[in-house]
Amino acid sequence: MFAYIVRRVAYALPILIGVNLLTFYLFFVVNSPDDMARLHLGVKRVTPEAIDKWKAERGYDKPLVFNATETGIGRISETIFFEKSLKLFAFNFGHSDDGRDISHDIAQRMVPSLAIAIPSLVVGLLINITFAMLLAFFRGTYVDISGVILCVVLMSISAMFYIIGGQFLLGKLLRLMPISGYDIGLDAIKFLVLPVIIGVVSGIGSSSRLYRSFFLEEAGKDFIRTARAKGLKESRVLFRHLLSNAMIPIVTGVVVVLPLLFMGSLLLESFFAIPGLGSYTIDAINRQDFAIVRAMVFLGSVLYIVGLILVDITYTIVDPRVRLS
Amino acid sequence: MILPVILWTDALIFLLVAIVTVFALYARGKPHLRAPWRHVMCSRLGSPALVVLSAYVFIGLLDSLHYRPALENSDDSAQTHYAVEVLSVLDTLVGPLRTQTEKTYSAPFATHLYSRETVRHPDGSQTREYPRLEYGGRHLENPAADARADILQRSSVALMQALVASLAVLLLITLWQARRRRQVFTSTLQDILALRTTVPWLIFWITLSVLLLLTFLAINLSTVYHVFGTDKVGQDVFYQTLKSIRTGLIIGTLTTLVMLPFAIFLGILAGYARGWIDDVIQYIYTTLNSIPGVLLIAAAILMLQVYMANHPELFETTLERADIRLLFLCIILGITSWTGLCRLLRGEALKLREAEYIQAATAFGVRHSKIISRHILPNVMHIVLITVVLDFSGLVLAEAVLSYVGVGVDPTTNSWGNMINSARLEMAREPVVWWSLLSAFLFMFTLVLAANLFSDAVRDAFDPRLRQR
């Protein structure tokens, strides 16, 4: 198993290099370092010297990917791409274009992101599993059919409507909680309730329906019939035999998104003005701050790959039939 | 005189229509291809969804026939000049909706403007009051007293028209079925009304009747009122949401059309060839998949904007610019979304190449290209179809989110995302401007719900594993 994990991590390296190369290429097709310098120094009264100085300060004064003036390994290492990427692999994200330390910003903004993401995940999981089990228990009856139709209806509503509707109904009309904002410490709770509720409600439709199909898949198998045949109570069949087996796909599905929770939610955070990583990303896109965008892309890719490895490990834990090789 | 304009997305849409038509004609004579579609038609949720989707597609297609109207000849020269503005057949059909713009916001069915204005009276005095709308409820003498009665009267006219039309439809369906089944008219009618037919014609008929009622209501009311109000610059919201249908459909369909060749070719190649080709293709899709999609789309849209700013001469009209951006958005969405299907197809091809009939074909020395096109491709098509239909609703929803982030369709394009985006700021006003949001919600929700129900029916019909249960 250890050897397997080492191999997977080694396999991640070329993927991360590819991700970096792609984002780097996409960005510099649009913006040359000169354009970036002009954008940041202001369009008027920009001298070539000022541009060169700006580029030299931020390390943009080298060729992009290939340095023809150097020899040997220097051809690749003395370039913007190499210098900026190498630091990323050490999780040193450097400074954003307006001079702030990105690693520090990320560490700080991770807390609000997680403060929404973790409660939404836990509460959502509990509600979805309960609802799905209820539907599976009543399978084939009108409860099941109307529940599935409700799920499809909930699925068909755009997340934006959940957010706007929730803000309007709970925040503006009923004045139960503030519409948006954030505070440090425990005062943050009153700001977090609404985004968490909306995060949970908007996910009920698709997740419950998916989980219901997992339950039905297991319910059709022989061991369930055996359990009933040997005279077990329906509740014991449901919780002991059905739930524990249907949990395998549910748990692995959750584990794969677990690392990505750090990235925050783009929509929720920007609608509720929460200073997490999601709104950080949107701001960076709007300001065209390449350093931040690339740091976030790198972080996202790393977390995605970590999620994939975690899933494989989880499989061996929750399902003893699976062996990693 | 008109000058037809074929935008890129129009061309692709009609290409898609042609492909679907050719396939439908081909499938007519093949029982094994017809059977699953018949299953879809017989499904009680799938068939009404199909009717609703067809209505949307019909509006979208009308909106895809573009032309530029000729201008009045002012200098007597033989050459006719055409307007810069590109119109569609839908614009012509709904004529007054497009041109009757007010000054600013007005509520649905309102006869007065949303905000007060200073009005100068003929005797020189000034008052601040809600002015009458220029078009909405203009035919009324005394709007405060008459509006309700007028709306009721027009609605009842619409109801009568819809009733007549829907009875005519029922008559036609029954006559057609009676001929086909060689039955008496009355017993056919009884079968249809009691849902004893294999295809649930009753459900078809009810859905169609509801659509007819809505259409007649729209025809009778929207010419003299703004049924969904007007937006900030006074444009009719109902018109905007009708125009948004085309954008939604294009995002949902063209994106998959763009990604299909990649996904099918690479997926089957990876599974069939294995070895280093498989490794390379897996590397490509893992890399693409691990980049957060929004960021990739943002980078690509930024790139396009810079390109368009540098090459203004390539785009004659603003609509053409917006159209290229829409197409580009479809392409980039396609690039970020083909990986899932590719992985599915790879797995299926891996499994199929070990199947006995393919082993036999290999043993007979059939060429690889022939094996793929003859044996593997037809056997994975149901996966492709299910994925395409399932993806549609997700893509329509994604458009709204992307427009919010600022990397969606062009701000001048009518789309539900743009409508929501501009309307959400108005929720803070007092009194609330809710109608833009409501109409975007209604139309988008209906489309996505119909698509979801339809995709469920398609999946049930095409996935043999599900059908056995």
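Residues numbered from 1 in each chain as written. Chains lettered and ligands numbered in written order. Predicted model: local features only at pLDDT ≥ 70, side-chain atom pairs only at ≥ 80, totals over all residues. Heavy atoms only, no water.

An account of the pattern of salt bridges is needed here, citing residue identities and associated values.
Taken as a whole and assessed by the stated rule, the structure comprises 18 salt bridges over all chains. Residues R228 of chain A and E234 of chain A are paired through a salt bridge, measuring 2.9 Å at the closest nitrogen-oxygen approach. We note a salt bridge from R353 of chain B to E354 of chain B, for which the minimum N-O separation is 3.3 Å. (Salt bridge = Lys/Arg side-chain N within 4 Å of Asp/Glu carboxyl O.)

Let's hear about the pairing of strand β4 (residues 117–120) of chain B: which residues, and what values?
Residue and element names in this part refer to chain B. Two elements, β4 and strand β5 (residues 126–129), share four bridges in a ladder whose sense is antiparallel. In the sheet register, R120 faces β5, and the bridge partner there is Q126. Hairpin connection between β4 and β5: a loop of five residues separates the two successive antiparallel strands, and G124 in this loop has a positive phi of roughly 95 degrees. (Pairing = 2+ DSSP bridges. Helix = DSSP H or I, 4+ residues; strand = E, 2+ residues; numbered from the N terminus.)

Residues and numbers for the packing of helix α2 (residues 31–42) of chain B against helix α16 (residues 435–462) of chain B, please.
All names here are of chain B. Where α2 contacts α16, the axes come no closer than 8 Å and their chain directions differ by 140 degrees. Taken together, the axes of α2 and α16 lie oblique to each other. Viewed along their axes, α2 and α16 form a crossing whose handedness is right-handed. In contact with P36, W37, H39 and V40 of α2, α16 contributes F454, A457, V458, D460, A461 and F462. Per-class residue counts for the contact of α2 with α16 are eight nonpolar, one polar and one charged. (Axes fitted to C-alpha atoms, helices over the stretch in contact; angles between N-to-C directions. Parallel < 35°, antiparallel > 145°, perpendicular 65-115°, else oblique. Left-handed = near helix turned anticlockwise from the far one by under 90°. Contact = heavy atoms within 4.5 Å. Nonpolar A, V, L, I, M, F, W, Y, C, P; charged D, E, K, R; others polar.)

Quick one: what's the story with empty space enclosed by the protein, residue by residue and with numbers?
Going through the model one piece at a time under the given rule, you end up with one cavity of 30 Å³ or more. Taken together, 15 residues line the largest cavity, and the ones lying closest to its centre are F27 and V293 of chain A together with L295, A298 and A299 of chain B. It is helix α11 (residues 293–310) of chain B that contributes the most residues to the lining of the largest cavity, five residues altogether. In terms of residue class, the lining of the largest cavity is made up of 13 nonpolar, two polar and no charged. (1 Å grid on protein atoms, 1.4 Å probe; cavity = no way out; pocket = protein on both sides within 12 Å on 5 of 7 lines; lining within 4 Å. Points joined across faces, edges and corners; volume = space filled by probe spheres on them.)

Report on the domain arrangement of chain B, specifying residues and quantitative values.
All names here are of chain B. Split by domain assignment, chain B resolves into domain 1 (2–221) and domain 2 (237–468). Just the C-alpha atoms count here: the centres of domain 1 and domain 2 sit 27 Å apart. Taken residue by residue, the interface counts 40 residues in domain 1 and 41 residues in domain 2. For the pairing of domain 1 and domain 2, the buried interface totals around 3,700 Å² over both sides, and the portion due to carbon and sulfur atoms is 78%. It is Y56, Y105 and Y114 in domain 1 that bury the most area against domain 2; as a group they hold 19% of the surface buried on that side. (Domains from an automatic or database assignment. Buried area = accessible area lost by both parts, 1.4 Å probe.)

Please give an account of the environment of L216 of chain A that cites residues and values.
Considering the arrangement of structural elements, one finds L216 of chain A in helix α9 (residues 189–219). Distance from L216 of chain A to T316 of chain A, taken between C-alpha atoms, is 23 Å for residues 100 residues apart in sequence.

For a positive patch on the surface, give the residues involved together with the corresponding values.
Residue and element names in this part refer to chain A. A grouping of K230, K233, R236 and R240 is seen on the molecular surface, where their side chains present a positively charged patch. Within the element layout of this structure, K230 appears in the loop between α10 (222–229) and α11 (234–257). Residue K230 is classed as exposed on the basis of its relative accessible area, which comes to 59%. (Patch = residues over 30% accessible without salt bridge, like charges linked within 9 Å, V, L, I, M, F, W, Y side chains within 5 Å. Areas by Shrake-Rupley, 256 points an atom, 1.4 Å probe, with all protein chains shown as cover. Lys, Arg positive; Asp, Glu negative; His and termini not counted. Charge placed at Lys NZ, Arg CZ, Asp CG, Glu CD. Buried < 20%, exposed > 50% of the residue type's maximum accessible area, 1.4 Å probe, protein only.)

Kindly report on a nonpolar patch on the surface, identifying the contributing residues and their values.
Residues and elements named next belong to chain A. A contiguous nonpolar patch, built from I118, V122, V123, L126 and I127 and spanning about 410 Å² of accessible area, is present on the exposed surface. Mapped onto the elements of the fold, L126 is located in helix α6 (residues 102–137). Given a relative accessible area of 57%, L126 falls into the exposed group.

Explain the interface of chain B and chain A to me, and be specific about the residues and the numbers.
Each partner contributes residues to the interface: chain B has 45 residues there, and chain A has 39 residues. Roughly 3,700 Å² of surface becomes buried between chain B and chain A when both sides are summed, with 77% attributable to carbon and sulfur atoms. On inspection of chain B and its partner chain A, the count reaches one salt bridge. With its nearest N and O atoms 2.6 Å apart, the salt bridge here joins R209 of chain A to D456 of chain B. On inspection of chain B and its partner chain A, the count reaches six residue pairs in polar contact (both at pLDDT 80 or more). For the side of chain B that touches chain A, the secondary-structure elements that each account for two or more residues are α10 (275–290), α11, α14 (368–405), α15 (416–424) and α16 of chain B. Of the residues forming the side of chain B that touches chain A, the biggest block, 11 residues, is contributed by α16 of chain B. The residue makeup of the side of chain B that touches chain A, split by class, is 31 nonpolar, six polar and eight charged. (Polar contact = N/O pair within 3.5 Å; in protein donor to acceptor, adjacent residues only side chain to side chain.)

Give a description of the confidence of the model for chain B that names residues and reports values.
Residue and element names in this part refer to chain B. With 97% of its residues at a pLDDT of 70 or more, chain B shows a mean pLDDT of 84. The least confident element of chain B, judged by mean pLDDT, is helix α17 (residues 464–468) at 56; the most confident is helix α3 (residues 46–62) at 91. Across the predicted assembly, pTM comes out at 0.89 and ipTM at 0.84. (pLDDT = per-residue confidence, 0-100.)

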